Amino acid sequence: MRHALDTQSPVCVIGAGIMGAGIAQVAAQAGHPVQLHDARDGAALAALRRLATGLDALVAKGRLSAEAAQATLARITPATSIDAAAGARLVVEAIVEQAEAKRTLFAQLEAIVDADCVLASNTSSISITALARDLRHPGRCVGLHFFNPVPVMKLVEVVSGLRTEPSVAQAVFALSERWRKTPVHARSTPGFIVNRIARPYYAETLALLQERAAEPAVLDACLRGAGFRMGPCELMDLIGHDTNFAVTASVHDANFGDRRYGPSLVQRELVDGGLLGRKSGRGFYDHAERAAPDPA
Ligand code: NAI
């Protein structure tokens, strides 16, 4: 089966949250016509408005021409129905970090897209082998794991499950290079590469907070002082505590409950209280004044 992808290939992004919006922007900047769909009413349109605000800021700083910003936005169509995926050569899902939700979505997509359309998941931790399990064409399923913020971060993990066709992994690897990313190949293991290494980093931070060793701002200042670009608490606020908690639970579960990857009470409190980080305006820090207003 032919899986070659070029920068004219229609792309569909499902999930217009933090990651999906960024993926849509990067694909559109590379020239793809992009359909952006979210199950929540108005979310895709709101994401497009946030992107417009971000691109305007780049134009104001002289880092992007007004024409390029306009052309990028014009290539993204907010879609109310998943049927917008029909005709796509590549679908990238960036919905909630839950295996069952992603599997259901892929099953729905297989009824809509062509047999050679690549189904990519931006999952941070879930087994690509497991996501492909019920597909009629499991070889088309691949992990395409971007980092936050997508337009800024160069790294992309291209993740192959047991049944991912090598031509599919190669096609998305080559495409992400054309998107000016720096891809790496990874086999599907719990958390892949970066999230596997990062889990104990978050876990130790959360353990220190639970022990009341220091305030988040102190921990962040220490790690920034040690050379990290962001401290662990501000990074978790950026990621979103709901997503980070789901990733922890997924990696913990996939490692048969290994204590090193255990979830934290501190984090569950934040999630239960809706203190999700930047996206909800508050997490470890109060972002209300810094968060861009939701134009929806
Ligand atoms: P988010 O919570 O910002 O956005 C998720 C979006 O998906 C929401 O707008 C929600 O309405 C939508 N959605 C949920 N179920 C849906 C469905 N069945 N169909 C269509 N839309 C649906 O989440 P975020 O942070 O963008 O994460 C998305 C994915 O990307 C997750 O798998 C996460 O693990 C992964 N990821 C997240 C990173 C981060 O730093 N937040 C980094 C790298 C990967």
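Because the structure is a prediction, the values reported are computed rather than measured.

Trainee: Would you mind going over the overall build of the protein in detail, with residue names and values included?
Mentor: Helix and strand content of the protein: 11 helices and eight strands. What you see for the protein is a C-alpha radius of gyration of 19 Å, in line with the 19 Å of a compact globule of 296 residues. On the principal axes, the C-alpha backbone points of the protein span a range of 55 × 50 × 35 Å.

Trainee: Break down the site of the ligand for me, with residues and values.
Mentor: For the ligand, the set of nearby residues contains 29 residues, the closest of which are Gly15, Gly17, Met19, Ala39 and Asn148. For the shell around the ligand, the secondary-structure elements that each account for two or more residues are α1 (18–30), α4 (99–110), β6 (141–146) and α10 (241–254). At three residues, the largest contribution of residues to the shell around the ligand is made by α1. Taken together, the residues of the shell around the ligand sort by class into 15 nonpolar, 10 polar and four charged.

Trainee: How would you sum up the pairing of strand β2 (residues 34–37)? Please name residues and give values.
Mentor: On β2, burial covers both faces: Val34 and Leu36 on one face and Gln35 and His37 on the other are all buried. Assessed by its sense of winding, the connection that carries the chain from strand β1 (residues 11–14) through α1 to β2 is right-handed. One ladder, built from four bridges, connects β2 with strand β3 (residues 76–79); its direction is parallel. Residue pairing across strands places Leu36 opposite Pro78, the latter belonging to β3.

Trainee: How would you sum up the domain arrangement of the protein? Please name residues and give values.
Mentor: For the protein, the domain assignment lists domain 1 (11–187) and domain 2 (194–280). Contacts between the two partners involve nine residues from domain 1, matched on the other side by 12 residues from domain 2. Here the side of domain 1 that touches domain 2 is built from residues that sort into two nonpolar, five polar and two charged.

Trainee: Give me the lowdown on helix α2 (residues 43–60), citing residues and values where you can.
Mentor: If you check α2, its first and last C-alpha atoms are 26 Å apart, about what 18 residues at 1.5 Å a residue would give, namely 26 Å. Residues of α2 that are buried in the fold lie against α1, β2, α3 (66–74) and β3. A positive backbone phi angle near 75 degrees is found at Gly62, which sits one or two residues after α2.

Trainee: Before we move on, could you go through the nonpolar core and cite the residues and values that matter?
Mentor: Of all hydrophobic cores here, the largest spans 60 residues; its most connected members are Val13, Ile23, Leu36, Val91, Val118, Val142 and Val172. Of all the elements, α1 adds the most residues to this core, at nine residues. Setting aside its immediate chain neighbours within four residues, Ile23 contacts Val13, Val92, Ala94, Asn122, Phe146 and Val150. Among the nonpolar cores identified, the runner-up in size contains 15 residues, and Ala203, Ala246, Tyr261 and Phe284 belong to it.

Trainee: An account of helix α7 (residues 194–210) is requested, with residue identities and associated values reported.
Mentor: Its 17 residues give α7 an end-to-end C-alpha distance of 24 Å, which sits within 8% of 24 Å, the value for a rise of 1.5 Å per residue. Within the sequence span of α7, burial applies to Asn195, Arg199, Tyr202, Ala203, Thr205, Leu206 and Leu209. Looking straight down α7, one finds that the buried residues subtend no more than 165 degrees of arc, so they occupy a single side. Here the buried face of α7 lies against α8 (216–225), α9 (232–239), α10 and α11 (265–272). Once α7 finishes, Arg212 follows within two positions and takes phi at roughly 55 degrees, a positive value.

Trainee: Tell me about the sheet that holds strand β5 (residues 118–121), and please be specific about residues and values.
Mentor: Strand order across the open sheet formed by eight strands is β3-β2-β1-β4-β5-β6-β7-β8, with mixed pairing between neighbours. What marks the edges here is a single partner per strand, and that holds for β3 and β8 (182–187). For this sheet, the mean inter-axis angle between neighbouring strands, taken without regard to orientation, is 25 degrees. Note: strand β4 (residues 90–93) against β5, four bridges, orientation parallel.

Trainee: Just give me the short version of the packing of α7 against α9, but keep the residues and values in it.
Mentor: Interhelical geometry of α7 versus α9 gives an angle of 115 degrees and a closest axis separation of 10 Å. If you check the angle between α7 and α9, you find them roughly perpendicular. The hand of the α7/α9 crossing is left-handed. On α9, the residues that touch Tyr201, Tyr202 and Thr205 of α7 are Pro232, Cys233 and Met236. Residue composition of the contact of α7 with α9, by class: five nonpolar, one polar and no charged.

Trainee: Give me the lowdown on unusual backbone geometry, citing residues and values where you can.
Mentor: Note on backbone geometry: most residues besides glycine have negative phi, and most peptide bonds are trans. The residue after Asn148, namely Pro149, is reached through a cis peptide bond having omega 0 degrees. Note that Pro149 resides in the loop between β6 and β7 (155–160). Residue Arg180 is not a glycine yet carries a positive backbone phi of 65 degrees. When the 11 C-beta atoms within 10 Å are taken as the criterion, Arg180 is described as exposed. Located in the positive-phi region is Phe192, a residue other than glycine, with phi close to 55 degrees. Along the chain, Phe192 turns up in the loop between β8 and α7. On the basis of neighbour counts, which here come to 24 C-beta atoms within 10 Å, the residue Phe192 falls in the buried class.

Cut-offs applied
Residues numbered from 1 in each chain as written. Predicted model: local features only at pLDDT ≥ 70, side-chain atom pairs only at ≥ 80, totals over all residues. Helix = DSSP H or I, 4+ residues; strand = E, 2+ residues; numbered from the N terminus. Rg over C-alpha atoms; globule rule 2.2 N^0.38 Å. Near = placed C-beta within 6 Å. Nonpolar A, V, L, I, M, F, W, Y, C, P; charged D, E, K, R; others polar. Buried ≥ 20, exposed ≤ 12 C-beta atoms within 10 Å, placed from the backbone. Right-handed = clockwise from strand over helix to strand, strands pointing away. Pairing = 2+ DSSP bridges. Domains from an automatic or database assignment. Contact = placed C-beta atoms within 7 Å. Expected span 1.5 Å × (residues − 1). Core = buried A, V, L, I, M, F, W, Y, C linked by C-beta atoms within 7 Å. Arc of directions from axis to C-beta. Axes fitted to C-alpha atoms, helices over the stretch in contact; angles between N-to-C directions. Parallel < 35°, antiparallel > 145°, perpendicular 65-115°, else oblique. Left-handed = near helix turned anticlockwise from the far one by under 90°.

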